[in-house]
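Inside the fold
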Amino acid sequence: MTNVVKKHSISSELAQKMVDAAVAKASELGVSENVAILDDGGNLKAFSRMDGAPIPTIEMAQNKAYTALFGVSSQDFFNFIQGDPSLFGRHPHATRIAAWGGGFPITVDGELVGAIGLSGAPTVQNDVDCARAALALVSDAVPVG
């Protein structure tokens, strides 16, 4: 069929397993997180707000995931715009963009199928560690560094 593009997106089953893995890691670390998984179009696929996770960080988790749909982590996105003052100056006006750590693309066989974002723990490193636990379920999605 012409004029139609075939694409892949994260399944609800994998999205929920990733949320569960991130929540388990957060429990192990003794922190409360909001965990958001978006599909490749930026739509919420799976979500969990752990008891005690701050309400304002619900949206932050989703925005970190949305930012990662650029194909880079939200921290790498921050590093990119930080080097160009014209981009950094425009960032606060971009809806759904979060330029701090905790958001990662989810890729399968090199294709972007979704993204994960976490927010709510006391440190960004906690967010990153919990995301890594979830990303371990997808072999080529595990962030480097």
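The structure under discussion appears in the preceding block.
Anyway, here's the lowdown on the structure attached to this text. (Residues numbered from 1 in each chain as written. Predicted model: local features only at pLDDT ≥ 70, side-chain atom pairs only at ≥ 80, totals over all residues. Heavy atoms only, no water.)

Here 4 strands make up an open sheet; going across it, the order is E2-E1-E4-E3 and the pairing antiparallel. Where the open sheet ends on each side, the last strands, each with one partner, are strand E2 (44-49) and strand E3 (103-108). Across the sheet, the mean angle from the axis of one strand to that of its neighbour is 15 degrees, orientation sign disregarded. Relative to the sheet, helix H5 (residues 124-135) contacts E3 and strand E4 (111-119), its axis offset from that of E4 by approximately 145 degrees. (Pairing = 2+ DSSP bridges. Helix = DSSP H or I, 4+ residues; strand = E, 2+ residues; numbered from the N terminus. Axes fitted to C-alpha atoms, helices over the stretch in contact; angles between N-to-C directions. Contact = heavy atoms within 4.5 Å.)

Further remarks concern the nonpolar core. Formed by 25 residues in total, the largest nonpolar core has its most connected members in Ile10, Met18, Val35, Ile37, Ile106, Ile116 and Leu118. When residues in this core are grouped by element, the largest group, 7 residues, is from helix H1 (residues 12-29). For Ile10, the contacting residues outside a window of four places in its chain are Ala15, Met18, Ile37, Leu38, Asp39, Lys45, Ile106 and Val113. Leu38, Ala65, Leu69 and Ala115 belong to the second-largest nonpolar core, a separate cluster that totals 5 residues. (Core = buried A, V, L, I, M, F, W, Y, C linked by side-chain atoms within 4.5 Å. Buried < 20%, exposed > 50% of the residue type's maximum accessible area, 1.4 Å probe, protein only.)

Taken together, the side chains of Met60, Trp100 and Val124 make up a nonpolar region of the molecular surface, amounting to roughly 230 Å² of accessible area. Here Met60 is to be found in helix H2 (residues 56-68). Since its relative accessible area comes to 31%, Met60 is described here as partly exposed. (Patch = residues over 30% accessible without salt bridge, like charges linked within 9 Å, V, L, I, M, F, W, Y side chains within 5 Å. Areas by Shrake-Rupley, 256 points an atom, 1.4 Å probe, with all protein chains shown as cover. Salt bridge = Lys/Arg side-chain N within 4 Å of Asp/Glu carboxyl O.)

Among the 6 residues in strand E1 (residues 34-39), 6 count as buried, and that is most of the element. Burial along E1 is two-sided: the residues Asn34, Ala36 and Leu38 and Val35, Ile37 and Asp39 are all buried. Pairing geometry for E1 and E2, over 5 bridges, is antiparallel. Within E2, the position partnered with Ile37 by the bridge is Ala46. The hairpin turn running from E1 into E2, its antiparallel successor, is 4 residues long, and Gly42 in that turn takes a positive phi close to 85 degrees.

On to the pattern of salt bridges, then. Following the criterion strictly, the structure yields 4 salt bridges and no others. The shortest N-O distance in the salt bridge between Lys17 and Glu13 comes to 3.3 Å. Of this pair, Lys17 and Glu13 both sit in helix H1, 4 residues apart, which is roughly one turn of that helix. On the basis of relative accessibility, which here comes to 45%, the residue Lys17 falls in the partly exposed class. We note a salt bridge from Asp127 to Lys64, for which the minimum N-O separation is 2.9 Å. Taken together, the positions of Asp127 in helix H5 and Lys64 in helix H2 put the pair 63 residues apart, joining distant regions of the chain. The burial state of Asp127 is the same as that of Lys64; both residues are buried.

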